[in-house]
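Remarks on the overall topology
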Amino acid sequence: MEKAIPKILVPNTQARNFNLAGVHNEINPSLITLIKEGKLNPKPLMVCSGGTSTRCASENHWTLDLRDQYKSIKFDHSKNEVVIEAGVTMKELILKLSKEKRTFPIGLSGSTGIGYILTGGISPLSRSYGLAIDNIIDIKGVWGNGNIFKISKPNLKSSIDEKFLWRALCGAAPFLAIITSLRLKTQSKNSIYVWESVLNPMQLADLIIRAEDWPHYASLSWSWQKYIKVSAVFEIKDSKTAKGIDLLIDELPKTKGSKSYIISTLLDLPNLNYSDSGFSVERKKYSEVLGILGNKWGNKAYEVVNKLESLMNQRPDICCSISAQQLGGYTSTISKETTSFIHRDSVWKPWITASWEAEDHFSKNKSLEWLEEVWKSMEPICPGVHLAQLHHHLSWHKKETNAAFNDWMPTLQKLKSKYDPKGILPSI
Ligand SMILES: Cc1cc2nc3c(=O)[nH]c(=O)nc-3n(C[C@H](O)[C@H](O)[C@H](O)COP(=O)(O)OP(=O)(O)OC[C@H]3O[C@@H](n4cnc5c(N)ncnc54)[C@H](O)[C@@H]3O)c2cc1C
């Protein structure tokens, strides 16, 4: 009888279809021995926490799937902190914290796992509470060299080496270690006022410029697919912010389909992506996403949006899209030396999604070329990269990694040679 080829049932449709060498479900002594002796072949080992990116698996590679065995969430009432294991999704984290009237700056989807936190973690609440990595207190895991570790956020007494290790793990962990658990700071949970609408390009440019002057409790996201869908999130911290929100809402474009309502957690945010094309987009489409970073657009917003309109008109697949999240606020007050997210002056994180029919290589190439063209046209205004997804299998992987880490790269490479000398984890 033929042996079944191992696959992994993950949210990412492309990763789901890879034929794997095999799957490990836990970090046990025999896996540690394979890692230490460099006998885990082929390398690198792919690590899966939420399984929402294409690189939680790879054709003919081993995946370490942490989703079943690493599910613990423990809330520490004395400190309002939470310890989560690596298989916890952001939805599970928020549901647990809600019971304690606490919250965490999760992103636009609850389906992501701790890969969201480890790669930076940009939330609609980041302008008030920082990136997800800014809220980590302790990290436990296994280095690529097989040694187990626990490390805490540095303080004044910490050595330079400790500070470097912390900085590396906060934003570049996938290259150095398998993270098994995180202790996180939590925030008081407040209701959130949401405004959503469909805008034309001129209205979008106007709103982008306006949002650049918004207070920290407000944040804009938009996604351009068939339509330009926008959503603005306003955290109702107290009666003063509630009044401020009323004034901001008054200034928003009065379009026909605009809606505003209050949600209890970010899990109830509207889905910005268009998916009413009459068939299950999920099942038939593959995609790759590139996140870029840049400062305020100001009046250049009109020129940028015009260019985006022409690029959107040329998109090779109906599901290709250009979207953006707002940063700035508290996120930019944190020193770029404390984490691997060095683009602290960023105000916008646009992300470009190339999409194509599954297994259609011609369309795949066309879509990826389009992604590169959009990237090139936005580079002058968004020179940074947010490495939320790894793309070792694509030609621009090196360029994107350099743009993510710039002058921090040589130190990361030194740490890689010490903590993952045999290249067990993805290369940097
Ligand atoms: C619907 C959706 C919405 C999103 N919204 C946002 C958003 O608002 N803000 C934002 O910043 N990002 C957002 N992202 C991007 C997302 O956060 C990243 O793609 C993230 O890497 C996904 O992590 P994961 O655990 O779900 O995926 P996985 O595919 O399991 O992991 C992603 C990467 O992280 C590495 N990794 C995972 N777990 C570990 C671990 N335990 N130890 C070491 N390395 C590990 C893996 O090597 C892998 O390459 C979104 C993605 C999706 C699909």
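Residues numbered from 1 in each chain as written. Predicted model: local features only at pLDDT ≥ 70, side-chain atom pairs only at ≥ 80, totals over all residues. Heavy atoms only, no water.

Secondary structure assignment for the chain yields 13 helices and 18 strands. Its C-alpha atoms give the chain a radius of gyration of 21 Å, near enough to 22 Å, the size a compact globule of 428 residues would have. C-alpha extents for the chain along the principal axes are approximately 65 × 55 × 40 Å. When each of the 428 residues of the chain is scored for burial, the buried share is 57%. Once local pairs closer than 6 in sequence are excluded, the contacts in the chain between residues at least 24 apart make up 71%. Separation between the mean location of the 54 positive side-chain charges and that of the 43 negative ones in the chain comes to 4 Å. (Helix = DSSP H or I, 4+ residues; strand = E, 2+ residues; numbered from the N terminus. Rg over C-alpha atoms; globule rule 2.2 N^0.38 Å. Buried < 20%, exposed > 50% of the residue type's maximum accessible area, 1.4 Å probe, protein only. Contact = heavy atoms within 4.5 Å. Lys, Arg positive; Asp, Glu negative; His and termini not counted. Charge placed at Lys NZ, Arg CZ, Asp CG, Glu CD.)

What follows concerns the site of the ligand. If you check the shell around the ligand, you find 32 residues, and the closest are Ser49, Thr52, Ser53, Ile122 and Ala388. Between an oxygen atom of the ligand and a main-chain N or O atom of Leu108, the distance comes to 2.8 Å. One of the backbone N or O atoms of Gly115 is found 3.0 Å from an oxygen atom in the ligand. Coverage of the ligand by the protein chains reaches 89% of its 960 Å² of free accessible surface. Only β2 (46–48), α4 (114–118) and β9 (177–185) provide two or more residues apiece to the shell around the ligand. (Near = heavy atom within 4 Å. Polar contact = N/O pair within 3.5 Å; in protein donor to acceptor, adjacent residues only side chain to side chain. Areas by Shrake-Rupley, 256 points an atom, 1.4 Å probe, with all protein chains shown as cover.)

Let's shift gears to the pattern of salt bridges. For the coordinates displayed, the defined rule picks out 17 salt bridges. In this structure, the salt-bridge partner of Lys39 is Glu37, at a minimum N-O distance of 3.1 Å. Its relative accessible area of 45% is what places Glu37 among the partly exposed residues. Across the pair Asp138 and Lys150 runs a salt bridge, and its minimum N-O distance is 4.0 Å. Taken together, the positions of Asp138 in strand β7 (residues 136–143) and Lys150 in strand β8 (residues 148–152) put the pair 12 residues apart, joining distant regions of the chain. Exposure remark for Asp138: the relative accessible area of 13% places this residue in the buried category. According to the relative accessible area criterion, Lys150 is exposed, its value standing at 54%. Among the charged side chains, a network of salt bridges with common partners joins Asp76, Glu81, Asp138, Lys150 and Arg183. (Salt bridge = Lys/Arg side-chain N within 4 Å of Asp/Glu carboxyl O.)

For the chain, the domain assignment lists domain 1 (13–65), domain 2 (73–188) and domain 3 (192–406). Spacing between the C-alpha centres of domain 1 and domain 3 amounts to 31 Å. The interface is formed by seven residues belonging to domain 1 together with 11 residues belonging to domain 3. Here domain 1 meets domain 3 over a buried area of about 720 Å², counting both sides, of which 47% is carbon and sulfur. It is Thr13, Gln14 and Arg55 that lose the most area in domain 1 upon contact with domain 3, and together they represent 68% of the buried surface on that side. Summed over the shared surface of domain 1 and domain 3, the number is zero salt bridges. The interface formed by domain 1 and domain 3 includes four residue pairs in polar contact (both at pLDDT 80 or more). In terms of residue class, the side of domain 1 that touches domain 3 is made up of no nonpolar, five polar and two charged. (Domains from an automatic or database assignment. Buried area = accessible area lost by both parts, 1.4 Å probe. Nonpolar A, V, L, I, M, F, W, Y, C, P; charged D, E, K, R; others polar.)

Attention now goes to the side chain of Thr401. By secondary structure assignment, the location of Thr401 is in helix α12 (residues 397–405). In this structure Thr401 touches Leu387, Met409 and Ile428, once residues within four positions along its chain are discounted.

If you look at the biggest cluster of nonpolar residues, it comprises 125 residues, and the most contacted ones within it are Trp222 and Phe234. Beyond its immediate stretch of four places on either side in the chain, Phe234 contacts Ser191, Ile192, Tyr193, Trp195, Trp214, Tyr217, Ala218, Ile245, Leu248, Ile249 and Leu252. Counting residues in hydrophobic clusters, the runner-up holds eight residues, among them Ala15, Phe18, Leu20 and Cys48. (Core = buried A, V, L, I, M, F, W, Y, C linked by side-chain atoms within 4.5 Å.)

The relative placement of two aromatic rings is captured by the distance of their centres and the angle of their planes. Enumeration over the complete set of coordinates arrives at nine aromatic pairs. Ring geometry for Trp143 and Tyr419: centres 4.3 Å apart, planes at 45°, overall tilted. Placement of Trp143 in strand β7 and of Tyr419 in helix α13 (residues 409–419) is noted, with a sequence separation of 276 residues between them. Judged by its relative accessible area of 6%, Trp143 falls in the buried class. (Phe/Tyr/Trp six-rings, centres within 6.5 Å; stacked < 30°, edge-to-face > 60°.)

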